[in-house]
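So the chains spell out like this:
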Amino acid sequence: MSAFETLIVNGTLMTPDGPVLKDLALNHGKIAAILDPGHEEFAPTIIDAKDLHVLPGIIDSQVHFREPGLEHKEDLHTGSKAAVLGGVTTFLEMPNTNPPTVDAASIEYKVNRAKETSYTNFGFFMGATEHNLENLQSAVDVEGCCGIKIFLGSSTGSLLLYDKLKLTRIFESCSLPIALHSENELMLRERVNIKNEAKDVHAHYHWRDVDTALSSTQMILDLARETGKRVHVLHISTKEEMELLAKYTDVATVEVTPQHLTLSAPEDYDRLGTYAQMNPPIRTVDHRDGLWKGLSNGTVDVIGSDHAPHTKEEKDKGYPHSPSGMPGVQTILNIMLDHVNAGKLKLEKLVDLLSQRPAELYSLKNKGKLMLGYDADITIVDMNKTHEISDGEQASKSGWTPYRGRKIKGMAVMTIVGGNKVMDNGEIVGEPMGRPIYR
Ligand code: DOR
């Protein structure tokens, strides 16, 4: 009788203690052993990871998969397919669907759909409104709910809440993690003529300028200190916010996106037009540098893709009629591996940002580490594989990527979800068998 179902041999395991040349045994969806090489006879399925790195499964802590209501852009099946193709094993999904996810029933709907159709594991945020405090308070008991999302400034969809009294009540009385989209709604409204009179998409980062982001983030950090509630601030885009957040690590954790670390204004707006438009905006190189500084000095906790698919037809409407957001779940890991190869950060650090820290931050049970008893969610990467990213290979319904034509080095080559091989060398080889996260 075999001791294990699967043995991953010859690879470099990225464990919490650093890289080790050991074999990884999987059984019943869990990590069953970390062994010295030479135990191939113990498993019927051997995966040879020679010259490859074996990572704890990548967790994308910010995606928009559009189901229900906006399935022409994406659904849980296509979004999760894009995820596994890019090496992601778990996603945490945002509530700005239609209708928005603001109560237990709407989380339950998503969880049931995802159980049927998702290739990856999944968690869902409940969105805050002016009127759903009780739902937010009891969301901690809802299966598959990973946290509360608050849009302080309006973006895609109708969710919006910036009233300080209501925010205070939520901070004081909700135990789930709170993730924030931080832009100052009143300032955005005061400045909306910049958008309305815009001749082209470059106006986007003038309208949603540094102060609209910074003032909102300052307000939320003060409130976090006052109430003693930890907050997670999403997709930080300015160097000023990064410097500020470094002084508030007692109450705030920080997320950045690969696109804010990779693209910049004005060049990428010139190149991509409205396909570079997102909220908060892609900004000038000094801001991008500031984000990298925050990443290297430890201010940044996690990287999330903010996968926000819109169709080409919608994007082609032209600014300001084009929606904000870009797809990213399929490229989150590969773009960052390319940055590792370019010497911008170490692979160990990337594993921390994309797996261990998101699991810690959202208290995801048995995820984020290659450790005995942890879930057998595994991402295998080839640090030497080169590739040119194309629109055609994107599984997202949106069918495009801002990285089209970019040559990268370093790629996910296998994705294992709950012990089942789902992606092998760019091909889907498994079934949608994702499970909800537990906390
Ligand atoms: O650009 C964005 N698009 N930012 C968001 O916060 C929402 C997202 C979307 O859902 O389209």
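Shown above is the structure to which this text applies.
None of these values were measured; they are calculated from a predicted model.

**Student:** Is there a simple way to explain the overall build of the protein in this structure?
**Tutor:** Along the protein, the regular secondary structure elements total 15 helices and 19 strands. For a compact globule of 439 residues, the expected C-alpha radius of gyration is about 22 Å, and the protein comes in at 21 Å, within 12% of that figure. Reported as C-alpha extents along the three principal axes, the dimensions of the protein are approximately 70 × 45 × 40 Å. Residues classed as buried in the protein amount to 62% of the 439 residues present. Taking contacts inside the protein between residues at least 6 apart in sequence as the whole, the part at least 24 apart equals 73%. Carbon and sulfur atoms provide 48% of the accessible area of the protein, an area that totals close to 16200 Å². In the protein, 46 side chains carry a positive charge and 60 a negative one; their mean positions are 2 Å apart.

**Student:** Looking at this model, I keep getting lost on the pattern of salt bridges. Mind explaining?
**Tutor:** According to the stated counting rule, one finds 24 salt bridges in the structure shown. A salt bridge links Glu130 to Lys166, with the shortest nitrogen-to-oxygen separation between them at 3.1 Å. Of the two residues, Glu130 sits in the loop between β10 (121-127) and α3 (133-138) while Lys166 sits in helix α4 (residues 164-173), which places them 36 residues apart along the sequence. Across the pair Asp391 and Arg404 runs a salt bridge, and its minimum N-O distance is 3.1 Å. Of the two residues, Asp391 sits in the loop between β16 (378-388) and β17 (407-417) while Arg404 sits in the loop between β16 and β17, which places them 13 residues apart along the sequence. Note on Asp391: relative accessible area 17%, which makes it buried. Connected through salt bridges with shared partners, the residues Lys30, Lys367, Asp375 and Asp377 form a single ionic network.

**Student:** Even after reading the chapter, I still don't get the nonpolar core, so can you show me in this structure?
**Tutor:** Within soluble globular proteins, side chains that are nonpolar generally end up buried alongside one another. Counting residues in each nonpolar core, the largest one holds 71 residues, and the members touching the most others are Ile150, Ile170, Leu295, Ile303 and Leu350. With near-sequence residues (within four places) excluded, Leu295 lies in contact with Val256, Leu261, Val300, Ile303, Leu345, Lys349 and Leu353. If you look at the next biggest cluster of nonpolar residues, it comprises 22 residues, including Val201, Trp207, Ala265 and Ile335.

**Student:** Explain the site of the ligand here, please?
**Tutor:** Taken together, 14 residues lie near the ligand, and Arg66, Asn96, Thr156, Asn279 and Ser324 sit nearest. Residue Asn96 places a side-chain N or O atom 2.8 Å away from an oxygen atom belonging to the ligand. Measuring from an oxygen atom of the ligand, one finds a backbone N or O atom of Asn279 at 2.7 Å. Out of a free accessible area of 290 Å², the ligand has 100% covered by protein chains.

**Student:** I keep staring at the packing of aromatic side chains and nothing clicks. Help me out?
**Tutor:** Geometrically, a pair of aromatic rings is defined through the distance of the ring centres and the angle of the planes. Counted by the stated rule, this structure contains seven aromatic pairs. Ring centres of Phe91 and Phe122 lie 6.3 Å apart, and the angle between their planes is 35°; on these two criteria the pair is classed as tilted. Pair noted here: Phe91 is in strand β9 (residues 88-93) and Phe122 is in strand β10, with a separation of 31 residues, a long-range link. Under the relative-accessibility criterion, Phe91 is labelled buried at 0%. In this structure Phe122 comes out as buried when scored by relative accessible area, which is 0%.

**Student:** Mind showing me how you'd approach the sheet that holds strand β8 (residues 58-63) here?
**Tutor:** One key point about sheets: their strands pair by backbone hydrogen bonds, in either a parallel or an antiparallel sense. Strand order in the open sheet formed by eight strands is β8-β9-β10-β11-β12-β13-β14-β15, and the pairing between neighbours is parallel. Because the sheet does not close on itself, it has two edges, and the strands there are β8 and β15 (302-303). For β10 and strand β11 (residues 145-151), the ladder comprises four bridges, and the chain directions are parallel. Pairing of Met126 across the sheet is with Ile148, part of β11.

**Student:** What is the right way to read the sheet that holds strand β6 (residues 45-48) from this model?
**Tutor:** Taken in spatial order, the four strands of this open sheet run β5-β4-β1-β6, and their pairing is mixed. Sheet topology places β5 (30-35) and β6 at the edges, where each strand pairs with a single neighbour. Within the sheet, the average angular offset between the axes of one strand and its neighbour, ignoring direction, is 20°. Pairing geometry for strand β1 (residues 6-9) and strand β4 (residues 23-27), over three bridges, is antiparallel. In the sheet register, Ile8 faces β4, and the bridge partner there is Leu24.

**Student:** Sorry if this is basic, but what is going on with helix α12 (residues 285-296) here?
**Tutor:** Within an α-helix, residues lying three or four positions from one another point in the same direction, as the helix has 3.6 residues per turn. Compared with the 16 Å implied by 1.5 Å per residue over 12 residues, the 16 Å span of α12 between its first and last C-alpha is a close match. Along α12, the residues that are buried comprise His287, Gly290, Leu291, Trp292, Gly294 and Leu295. Gly298 sits one or two positions beyond α12 and adopts a positive phi of about 90°.

**Student:** Even after reading the chapter, I still don't get the packing of α4 against helix α8 (residues 210-227), so can you show me in this structure?
**Tutor:** A pair of packed helices can be characterised by two numbers: the angle between their axes and the separation between those axes. At a closest axis distance of 10 Å, the pairing of α4 and α8 adopts a crossing angle of 45°. The orientation of α4 relative to α8 falls into the category oblique. α8 is crossed by α4, and the crossing has right-handed handedness. Contacts between α4 and α8 pair Lys164, Leu167, Thr168, Phe171 and Glu172 from the former with Met219, Ile220, Leu223, Ala224 and Thr227 from the latter.

**Student:** Whenever I open this one, the pairing of β1 confuses me. Can you help?
**Tutor:** On any regular strand, side chains alternate: one points to one face of the sheet, the next to the other face. Here β1 shows two buried faces, one formed by Thr6 and Ile8 and the other by Leu7 and Val9. Sheet topology note: the β1/β6 ladder contains four bridges and is parallel. The residue bridging Ile8 from the neighbouring strand is Ile47, located in β6.

**Student:** Before we go on, may I ask you to explain unusual backbone geometry in this structure?
**Tutor:** Among all residues save glycine, negative phi is the norm, and among peptide bonds the norm is trans. That bond from Glu67 to Pro68 is cis: its omega, 10°, falls within 30 degrees of zero. Position of Pro68 relative to the elements: it lies in the loop between β8 and α1 (76-85). A cis amide bond links Asn98 with the next residue in sequence, Pro99, at an omega value of 0°. Structurally, the position occupied by Pro99 is in the loop between β9 and α2 (104-117). The backbone of His28 shows a phi angle near 50°, a positive value even though the residue is not glycine. The backbone phi angle of His235 is positive, close to 25°, even though this residue is not glycine.

Thresholds applied
Residues numbered from 1 in each chain as written. Predicted model: local features only at pLDDT ≥ 70, side-chain atom pairs only at ≥ 80, totals over all residues. Heavy atoms only, no water. Helix = DSSP H or I, 4+ residues; strand = E, 2+ residues; numbered from the N terminus. Rg over C-alpha atoms; globule rule 2.2 N^0.38 Å. Buried < 20%, exposed > 50% of the residue type's maximum accessible area, 1.4 Å probe, protein only. Contact = heavy atoms within 4.5 Å. Areas by Shrake-Rupley, 256 points an atom, 1.4 Å probe, with all protein chains shown as cover. Lys, Arg positive; Asp, Glu negative; His and termini not counted. Charge placed at Lys NZ, Arg CZ, Asp CG, Glu CD. Salt bridge = Lys/Arg side-chain N within 4 Å of Asp/Glu carboxyl O. Core = buried A, V, L, I, M, F, W, Y, C linked by side-chain atoms within 4.5 Å. Near = heavy atom within 4 Å. Polar contact = N/O pair within 3.5 Å; in protein donor to acceptor, adjacent residues only side chain to side chain. Phe/Tyr/Trp six-rings, centres within 6.5 Å; stacked < 30°, edge-to-face > 60°. Pairing = 2+ DSSP bridges. Axes fitted to C-alpha atoms, helices over the stretch in contact; angles between N-to-C directions. Expected span 1.5 Å × (residues − 1). Parallel < 35°, antiparallel > 145°, perpendicular 65-115°, else oblique. Left-handed = near helix turned anticlockwise from the far one by under 90°.

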